[in-house]
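Summary of the model geometry
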Amino acid sequence: DTEVTQTPKHLVMGMTNKKSLKCEQHMGHRAMYWYKQKAKKPPELMFVYSYEKLSINESVPSRFSPECPNSSLLNLHLHALQPEDSALYLCASSQVLRGNGGYTFGSGTRLTVV
Amino acid sequence: KQEVTQIPAALSVPEGENLVLNCSFTDSAIYNLQWFRQDPGKGLTSLLLIQSSQREQTSGRLNASLDKSSGRSTLYIAASQPGDSATYLCGNYGQNFVFGPGTRLSVLP
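Overview of the structure. (Residues numbered from 1 in each chain as written. Chains lettered and ligands numbered in written order. Predicted model: local features only at pLDDT ≥ 70, side-chain atom pairs only at ≥ 80, totals over all residues. Heavy atoms only, no water.)

To continue, consider the pattern of salt bridges. All names here are of chain A. According to the stated counting rule, one finds 6 salt bridges over all chains in the structure shown. A salt bridge links Glu24 to Lys22; its shortest N-O distance comes to 3.8 Å. On the accessibility criterion, Lys22 (36% relative accessible area) is partly exposed. Between Glu52 and Arg30 there is a salt bridge whose closest N-O contact spans 2.7 Å. Of the two residues, Glu52 sits in the loop between strand S5 (44-50) and strand S6 (53-57) while Arg30 sits in the loop between strand S3 (18-25) and strand S4 (31-37), which places them 22 residues apart along the sequence. (Salt bridge = Lys/Arg side-chain N within 4 Å of Asp/Glu carboxyl O. Buried < 20%, exposed > 50% of the residue type's maximum accessible area, 1.4 Å probe, protein only. Helix = DSSP H or I, 4+ residues; strand = E, 2+ residues; numbered from the N terminus.)

Next up, the structure:
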(Lines give C-alpha, C1' and ligand atoms only; values in the text may rest on other atoms or scores of the structure.)
Protein backbone atom coordinates (compact mmCIF):
# COMPACT_ATOMS: atom_id res chain seq x y z
CA ASP A 1 0.00 0.00 0.00
CA THR A 2 1.62 3.25 -1.14
CA GLU A 3 -1.26 5.61 -0.58
CA VAL A 4 -2.52 8.19 1.84
CA THR A 5 -6.29 7.96 2.12
CA GLN A 6 -8.38 10.93 3.16
CA THR A 7 -12.07 10.91 4.05
CA PRO A 8 -14.44 12.44 3.35
CA LYS A 9 -13.59 13.82 -0.10
CA HIS A 10 -16.11 16.63 0.29
CA LEU A 11 -17.62 18.20 3.41
CA VAL A 12 -20.10 21.02 3.87
CA MET A 13 -20.59 22.21 7.43
CA GLY A 14 -22.26 25.04 9.26
CA MET A 15 -20.38 27.39 11.55
CA THR A 16 -21.82 25.71 14.66
CA ASN A 17 -21.10 22.16 13.57
CA LYS A 18 -18.40 19.78 14.77
CA LYS A 19 -16.84 17.51 12.19
CA SER A 20 -13.66 15.53 11.70
CA LEU A 21 -11.35 14.84 8.78
CA LYS A 22 -9.57 11.52 8.66
CA CYS A 23 -6.24 10.52 7.14
CA GLU A 24 -4.79 7.02 7.02
CA GLN A 25 -1.58 5.46 5.70
CA HIS A 26 -0.15 1.96 5.94
CA MET A 27 3.35 2.61 4.62
CA GLY A 28 4.94 2.58 8.06
CA HIS A 29 5.61 6.31 7.86
CA ARG A 30 6.21 7.94 11.25
CA ALA A 31 5.66 11.59 10.26
CA MET A 32 2.26 12.91 9.23
CA TYR A 33 1.18 16.38 8.21
CA TRP A 34 -1.90 18.54 7.73
CA TYR A 35 -1.85 21.25 5.09
CA LYS A 36 -4.46 23.85 4.10
CA GLN A 37 -4.67 25.02 0.51
CA LYS A 38 -6.72 27.95 -0.77
CA ALA A 39 -7.53 28.29 -4.45
CA LYS A 40 -4.53 29.06 -6.67
CA LYS A 41 -2.19 29.13 -3.67
CA PRO A 42 0.42 26.60 -2.54
CA PRO A 43 -0.35 24.35 0.44
CA GLU A 44 0.38 25.89 3.84
CA LEU A 45 1.61 23.73 6.70
CA MET A 46 -0.72 23.48 9.70
CA PHE A 47 0.49 20.62 11.90
CA VAL A 48 3.22 18.01 11.96
CA TYR A 49 3.18 14.79 13.96
CA SER A 50 6.34 12.78 14.47
CA TYR A 51 6.07 9.35 16.15
CA GLU A 52 2.50 10.20 17.17
CA LYS A 53 3.58 13.35 18.99
CA LEU A 54 2.72 16.87 17.87
CA SER A 55 5.97 18.32 16.61
CA ILE A 56 4.93 21.52 14.87
CA ASN A 57 1.88 23.74 15.19
CA GLU A 58 2.05 26.65 12.79
CA SER A 59 -0.01 28.99 14.98
CA VAL A 60 -3.25 27.45 13.81
CA PRO A 61 -6.48 28.69 15.49
CA SER A 62 -7.81 26.42 18.22
CA ARG A 63 -10.97 25.70 16.21
CA PHE A 64 -8.69 23.20 14.42
CA SER A 65 -7.66 20.35 16.71
CA PRO A 66 -5.37 17.58 15.44
CA GLU A 67 -5.18 14.09 16.86
CA CYS A 68 -2.89 11.15 16.10
CA PRO A 69 -4.42 8.03 17.74
CA ASN A 70 -1.78 5.69 16.29
CA SER A 71 1.03 5.61 13.77
CA SER A 72 -1.32 5.03 10.82
CA LEU A 73 -4.08 7.50 11.55
CA LEU A 74 -4.31 11.29 11.73
CA ASN A 75 -7.48 13.22 12.43
CA LEU A 76 -8.35 16.89 12.23
CA HIS A 77 -11.28 17.90 14.41
CA LEU A 78 -13.18 20.98 13.34
CA HIS A 79 -15.39 23.16 15.53
CA ALA A 80 -16.94 26.60 15.09
CA LEU A 81 -15.26 27.23 11.77
CA GLN A 82 -15.56 30.41 9.76
CA PRO A 83 -16.41 30.72 6.04
CA GLU A 84 -12.79 31.76 5.38
CA ASP A 85 -11.73 28.28 6.56
CA SER A 86 -13.22 26.85 3.38
CA ALA A 87 -10.32 25.24 1.53
CA LEU A 88 -8.76 21.99 0.39
CA TYR A 89 -7.25 20.17 3.37
CA LEU A 90 -4.38 17.89 2.48
CA CYS A 91 -2.78 15.17 4.53
CA ALA A 92 0.73 13.90 3.84
CA SER A 93 3.18 11.43 5.31
CA SER A 94 6.90 10.73 5.16
CA GLN A 95 9.12 8.01 6.53
CA VAL A 96 10.43 10.25 9.27
CA LEU A 97 10.56 14.00 9.88
CA ARG A 98 13.24 15.59 7.69
CA GLY A 99 14.39 12.22 6.44
CA ASN A 100 15.65 11.33 2.98
CA GLY A 101 12.40 9.96 1.72
CA GLY A 102 9.81 12.05 -0.03
CA TYR A 103 6.32 13.09 0.91
CA THR A 104 3.19 11.19 -0.09
CA PHE A 105 0.01 13.24 -0.26
CA GLY A 106 -3.61 12.26 -0.06
CA SER A 107 -6.20 13.51 -2.52
CA GLY A 108 -7.58 15.99 0.00
CA THR A 109 -10.89 16.95 1.60
CA ARG A 110 -12.71 19.86 -0.01
CA LEU A 111 -14.26 21.73 2.93
CA THR A 112 -16.98 24.33 2.57
CA VAL A 113 -18.14 26.29 5.63
CA VAL A 114 -21.55 27.90 5.27
CA LYS B 1 12.00 31.96 6.94
CA GLN B 2 12.79 30.30 3.64
CA GLU B 3 11.00 31.53 0.55
CA VAL B 4 10.52 29.61 -2.66
CA THR B 5 9.84 31.15 -6.05
CA GLN B 6 8.83 29.49 -9.29
CA ILE B 7 9.25 30.90 -12.76
CA PRO B 8 7.24 31.22 -14.89
CA ALA B 9 3.99 31.59 -12.95
CA ALA B 10 2.06 30.36 -15.99
CA LEU B 11 3.00 28.81 -19.29
CA SER B 12 1.01 27.92 -22.39
CA VAL B 13 2.71 25.89 -25.11
CA PRO B 14 1.70 23.85 -28.16
CA GLU B 15 1.88 20.10 -27.91
CA GLY B 16 5.30 18.58 -28.57
CA GLU B 17 7.43 21.38 -27.17
CA ASN B 18 10.20 20.81 -24.67
CA LEU B 19 9.91 23.08 -21.67
CA VAL B 20 11.71 24.10 -18.50
CA LEU B 21 10.23 25.05 -15.16
CA ASN B 22 12.38 26.81 -12.58
CA CYS B 23 12.37 26.78 -8.79
CA SER B 24 14.57 28.92 -6.51
CA PHE B 25 15.13 28.96 -2.75
CA THR B 26 16.35 31.76 -0.53
CA ASP B 27 17.99 29.28 1.83
CA SER B 28 20.51 26.91 0.25
CA ALA B 29 20.12 24.46 3.15
CA ILE B 30 18.21 22.00 1.00
CA TYR B 31 17.54 18.62 2.53
CA ASN B 32 15.43 17.09 -0.22
CA LEU B 33 13.79 18.61 -3.28
CA GLN B 34 10.55 17.21 -4.56
CA TRP B 35 8.51 18.12 -7.62
CA PHE B 36 4.76 17.57 -7.62
CA ARG B 37 1.95 17.98 -10.06
CA GLN B 38 -1.53 19.05 -8.99
CA ASP B 39 -4.66 18.86 -11.09
CA PRO B 40 -7.46 21.34 -10.25
CA GLY B 41 -9.12 20.50 -6.93
CA LYS B 42 -6.98 17.40 -6.44
CA GLY B 43 -4.15 16.34 -4.20
CA LEU B 44 -0.44 16.46 -5.01
CA THR B 45 1.16 13.72 -7.07
CA SER B 46 4.88 13.24 -6.58
CA LEU B 47 6.88 13.38 -9.81
CA LEU B 48 10.51 13.33 -8.78
CA LEU B 49 12.47 13.39 -5.54
CA ILE B 50 16.07 14.57 -5.43
CA GLN B 51 17.67 13.60 -2.16
CA SER B 52 20.24 15.83 -0.53
CA SER B 53 23.20 13.83 -1.88
CA GLN B 54 21.89 13.72 -5.45
CA ARG B 55 21.98 16.21 -8.31
CA GLU B 56 19.28 14.97 -10.64
CA GLN B 57 16.53 12.43 -11.19
CA THR B 58 14.78 11.20 -14.32
CA SER B 59 11.44 9.55 -14.89
CA GLY B 60 10.21 9.04 -18.43
CA ARG B 61 9.92 12.42 -20.12
CA LEU B 62 10.75 14.28 -16.91
CA ASN B 63 14.16 15.29 -15.65
CA ALA B 64 14.82 17.34 -12.53
CA SER B 65 18.14 18.79 -11.49
CA LEU B 66 19.29 20.46 -8.30
CA ASP B 67 22.08 22.97 -7.77
CA LYS B 68 22.41 23.35 -4.03
CA SER B 69 25.09 26.01 -4.24
CA SER B 70 22.75 28.39 -6.04
CA GLY B 71 19.54 27.13 -4.42
CA ARG B 72 17.91 26.29 -7.75
CA SER B 73 16.09 23.37 -9.26
CA THR B 74 14.89 22.83 -12.81
CA LEU B 75 12.18 20.51 -14.11
CA TYR B 76 12.55 19.61 -17.78
CA ILE B 77 9.56 18.17 -19.61
CA ALA B 78 10.28 16.65 -23.01
CA ALA B 79 7.76 16.39 -25.84
CA SER B 80 4.92 17.93 -23.85
CA GLN B 81 1.41 16.49 -24.17
CA PRO B 82 -2.05 17.93 -23.34
CA GLY B 83 -2.20 15.50 -20.41
CA ASP B 84 0.74 17.36 -18.86
CA SER B 85 -1.54 20.35 -18.25
CA ALA B 86 -1.56 20.96 -14.49
CA THR B 87 0.08 23.07 -11.81
CA TYR B 88 3.64 22.05 -10.98
CA LEU B 89 4.91 22.69 -7.46
CA CYS B 90 8.41 22.34 -6.09
CA GLY B 91 9.01 21.71 -2.41
CA ASN B 92 12.08 21.79 -0.22
CA TYR B 93 12.42 20.17 3.18
CA GLY B 94 14.92 22.49 4.81
CA GLN B 95 13.68 23.43 8.25
CA ASN B 96 10.13 22.64 7.23
CA PHE B 97 8.57 21.62 4.02
CA VAL B 98 8.05 24.76 1.96
CA PHE B 99 6.29 24.92 -1.39
CA GLY B 100 6.75 27.29 -4.24
CA PRO B 101 3.66 29.07 -5.59
CA GLY B 102 3.56 26.77 -8.60
CA THR B 103 3.71 27.04 -12.38
CA ARG B 104 0.36 26.60 -14.17
CA LEU B 105 1.09 24.72 -17.38
CA SER B 106 -1.29 24.46 -20.29
CA VAL B 107 -0.32 22.28 -23.25
CA LEU B 108 -2.49 22.95 -26.27
CA PRO B 109 -3.36 20.17 -28.73
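Let's pick the thread back up.
Before going further, it helps to spend a moment on the sheet that holds strand S6 (residues 56-59) of chain B. All names here are of chain B. On the basis of which strands lie adjacent, the open sheet formed by 5 strands has the order S1-S3-S8-S7-S6 and antiparallel pairing. Unpaired on one side and paired on the other, strand S1 (4-7) and S6 mark the two borders of the sheet. Geometrically, the sheet is characterised by an average inter-axis angle of 15 degrees between neighbouring strands, direction not taken into account. Bridging between strand S3 (residues 19-25) and strand S8 (residues 72-77) involves 6 bridges; their strand directions are antiparallel. Bridge pairing links Ser24 to Arg72 in S8. (Pairing = 2+ DSSP bridges. Axes fitted to C-alpha atoms, helices over the stretch in contact; angles between N-to-C directions.)

This paragraph deals with the sheet that holds strand S7 (residues 64-70) of chain A. Residues and elements named next belong to chain A. Taking strand neighbours across the sheet as the criterion, the 4 strands line up as S1-S3-S8-S7 in an open arrangement whose pairing is antiparallel. For this open sheet the edge positions go to strand S1 (4-7) and S7, each flanked by a neighbour on one side alone. For this sheet the average axis-to-axis angle between neighbouring strands, irrespective of direction, equals 20 degrees. Note: S1 against S3, 4 bridges, orientation antiparallel. Among the inter-strand pairings, Gln6 is bridged to a residue of S3, identified as Cys23.

Next up on the list: empty space enclosed by the protein. In total, this model carries 2 cavities of 30 Å³ or more according to the counting rule given. One number sums up the size of the second largest cavity: a volume of about 40 Å³. When the residues that make up the lining of the second largest cavity are grouped by side-chain class, the tally is 5 nonpolar, 4 polar and 2 charged. (1 Å grid on protein atoms, 1.4 Å probe; cavity = no way out; pocket = protein on both sides within 12 Å on 5 of 7 lines; lining within 4 Å. Points joined across faces, edges and corners; volume = space filled by probe spheres on them. Nonpolar A, V, L, I, M, F, W, Y, C, P; charged D, E, K, R; others polar.)

Moving on to the packing of aromatic side chains. This model, assessed by the stated rule, comprises 8 aromatic pairs over all chains. Connected via pairs of aromatic rings, a cluster forms that spans A:Tyr33, A:Tyr35, A:Tyr103, A:Phe105, B:Phe36 and B:Phe99. (Phe/Tyr/Trp six-rings, centres within 6.5 Å; stacked < 30°, edge-to-face > 60°.)

This brings us to the state of the cysteines. Scanning the model with the defined rule gives 2 disulfides over all chains in all. For A:Cys23, the disulfide goes to A:Cys91, at an S-S distance of 1.9 Å. As the torsion about the S-S bond is roughly -70 degrees, the A:Cys23-A:Cys91 disulfide counts as left-handed. You can see A:Cys23 sitting in strand S3 and its partner A:Cys91 sitting in strand S9 (residues 87-94), a full 68 residues away along the chain. Across the pair, A:Cys91 and A:Cys23 agree in class, each one buried. The disulfide partner of B:Cys23 is B:Cys90, and the S-S distance across this bridge is 1.9 Å. Taking the sign of the S-S torsion, about 80 degrees here, the bridge from B:Cys23 to B:Cys90 comes out right-handed. On the criterion of sequence distance, the pair formed by B:Cys23 in strand S3 and B:Cys90 in strand S9 (residues 86-92) is long-range, its members being 67 residues apart. Using a relative accessible area of 0% as the deciding quantity, one classes B:Cys90 as buried. The thiol sulfur of A:Cys68 is not disulfide-bonded, and the nearest other cysteine sulfur, from A:Cys23, lies at 9.2 Å. (Disulfide = S-S within 2.5 Å.)

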